[in-house]
Amino acid sequence: MEGLWGWALAAAASGDWIASAWAAVRARAVAPALEAGVWVCLAMSVMLVVEVCYMSIVSFVAVKLLRRVPERRYKWEPMPVSSGSGKGGDEEAAVGGGEAYPMVLVQIPMYNEREVYKLSIGAACALTWPVDRIIIQVLDDSTDPFVKELVELECKDWASKNINIKYEIRESRKGYKAGALRKGMEHSYAQECDFVAIFDADFQPEPDFLLRTVPFLVHNPKIALVQTRWEFVNYDVCLMTRIQKMSLDYHFKVEQESGSSMHAFFGFNGTAGVWRVSAISEAGGWKDRTTVEDMDLAARASLKGWQFLYVGDIRVKSELPSTLKAYRHQQHRWTCGAANLFRKMGPAIVRSKGVSVWKKFHLLYSFFFVRRVIAPILTFLFYCIVIPLSVMVPEVSIPIWGMFYIPTAITIMNAIRNPCSIHLIPIWILFENVMSMHRMRAALTGLLETTYVDEWVVTEKVGDQVKDKLEVPLLTPVKPTECVERIYVPELVVAFYLLLCASYDFVLGAGRYYLYIFLQAFAFLVLGFGFVGTTAPCSCP
């Protein structure tokens, strides 16, 4: 008994020694470093909330209050109907007077799109436009011979219906999507076109798409691009797609709307838009130096003085990635490519001549630095690392305005533009915080140009299966035992770290943040074990 008591005293003494050592290290090394990290994050938070508030106010005031809709800001007149425009099954196809309509090229780049190729080709061939003034160009980079044959047969089938459709292939996938678009523009018939509409393989424009967009380009020679809004056919198949819809709706309603209203500039979304061919040529054409060839072209065209127009009333159906793996690949490509483009275009923007200081500032600071670098890094660093660590370092305190007021303001700005999804805001916050780790890693990859900077993985699509096979609950469990690749170790490591911090705050700390940290740890666990999104065939045996 005395031996046991002596062992307990020794353990207690040892514990006191460890606690004393931790206190000394914490005071001399951890606390100063954490204090510096807190103020860096607070500075970035201020930059981000100012940008978010600015965009939200501009988009709300310009569109809702002042009614600065595209038709009031720019000249728009309907195309002449006397020419008898028609497409697809319309028997009253143009037989004369089609010269009043400009030549339009419709490009559909695709890669092994077995599930959706019919949807996009069919929608493009059904566009209302004189048959002699439109060319459908299918740019097939498929490596699967069977898919390639299917796409070619589909094109031949539409060609037999008097549709001017071209099936184009390349010897290699060099440059990925940018390479395919660039190659497509090299054909003689493409160079004769005035405008080019671009649709990814899962996009389905309405028949009147060209009739509503092209007039802006015809009557306003300074406009290079008319971008339309995306609509999602599968937003309700699972909780992850609903959250994606919230983020993308905010992107279109706020970022694109404010950029179009105030600066006549925004990032091209890569699809569901119509370009002026001369603007593409003047900007230097498509370049494959990053994985965001659309943003690259938009930035270069803007530096040449071209204007962009976003028309939110025109919507094009598309598909959201419904598996976590596909969504992660998509977010890596978007985030890494944008940060890498900032690295490559920054000096060129500074040196560009004939561009106002205001436009340079907007491009460098607002468009690239705050939105493409600060946003992904801050979210993970501050809310998933610094705040949880602060509960173990009482010497460091985070001001309430940085801890509560700023994130609340950002959340309110998002909720205002997504009133129908306001009940999902808490889940959206937790999910976005988890994804911020992936985005931060992608942003740093782009800035530093490390190994995976040029990684391009085409987003998986399901097409007609959306309604038939993907009607799943809001949170569908994916059994991690079925496939090792569905377990994401980094998320699980962060979850363990957050659980440790939350437990410390609950037992030994001030007990201020443990509830939030526990919830965030749970979110990391859910995504770490793949319990999100829809099920998909496993690639493992």
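See the structure printed just above.
All values derive from a computational prediction rather than experimental measurement.

## Let's talk about the nonpolar core
Where a protein is soluble and globular, its nonpolar side chains tend to be buried together. If you look at the biggest cluster of nonpolar residues, it comprises 153 residues, and the most contacted ones within it are V106, I121, W275 and F308. Setting aside residues up to four positions removed in sequence, F308 forms contacts with A224, L225, S260, A264, F265, F266, W275, A298, A301 and S302.

## Topic: the environment of C125
Structurally, the position occupied by C125 is in helix α3 (residues 117-125). Given the relative accessible area of 0%, C125 is considered buried. Sequence spacing of C125 and I136 is eleven residues, and the spatial spacing of their C-alpha atoms is 7.0 Å.

## What about the pattern of salt bridges?
Overall, the coordinates contain 17 salt bridges when judged by the stated rule. Of the charged contacts, one joins E186 and K183 as a salt bridge, the two residues approaching to 3.8 Å between their closest N and O atoms. Judged by relative accessible area, which is 46%, E186 ranks as partly exposed. Judged by its relative accessible area of 40%, K183 falls in the partly exposed class. Among the charged side chains, a salt-bridge network with shared partners connects K174, R182 and D288.

## Observations regarding the sheet that holds strand β3 (residues 165-169)
The seven strands are arranged β3-β2-β1-β4-β6-β5-β7 in an open sheet whose pairing can be described as mixed. Looking along the sheet, the strands with just one partner apiece sit at the ends: β3 and β7 (307-318). Adjacent strand axes in the sheet meet at a mean angle of 20° when their direction is disregarded. Bridge analysis of strand β1 (residues 104-110) against strand β4 (residues 195-198) gives four bridges, and the strand direction is parallel. Its bridge partner lying in β4, V104 is registered against F195. The strands that helix α5 (residues 176-185) touches are β1, β2 (134-140) and β4; relative to β1, the one it contacts most, it runs at about 145°.

What counts and what doesn't
- Residues numbered from 1 in each chain as written.
- Predicted model: local features only at pLDDT ≥ 70, side-chain atom pairs only at ≥ 80, totals over all residues.
- Heavy atoms only, no water.
- Core = buried A, V, L, I, M, F, W, Y, C linked by side-chain atoms within 4.5 Å.
- Buried < 20%, exposed > 50% of the residue type's maximum accessible area, 1.4 Å probe, protein only.
- Contact = heavy atoms within 4.5 Å.
- Helix = DSSP H or I, 4+ residues; strand = E, 2+ residues; numbered from the N terminus.
- Salt bridge = Lys/Arg side-chain N within 4 Å of Asp/Glu carboxyl O.
- Pairing = 2+ DSSP bridges.
- Axes fitted to C-alpha atoms, helices over the stretch in contact; angles between N-to-C directions.

Read these as spatial facts, not as claims about activity.
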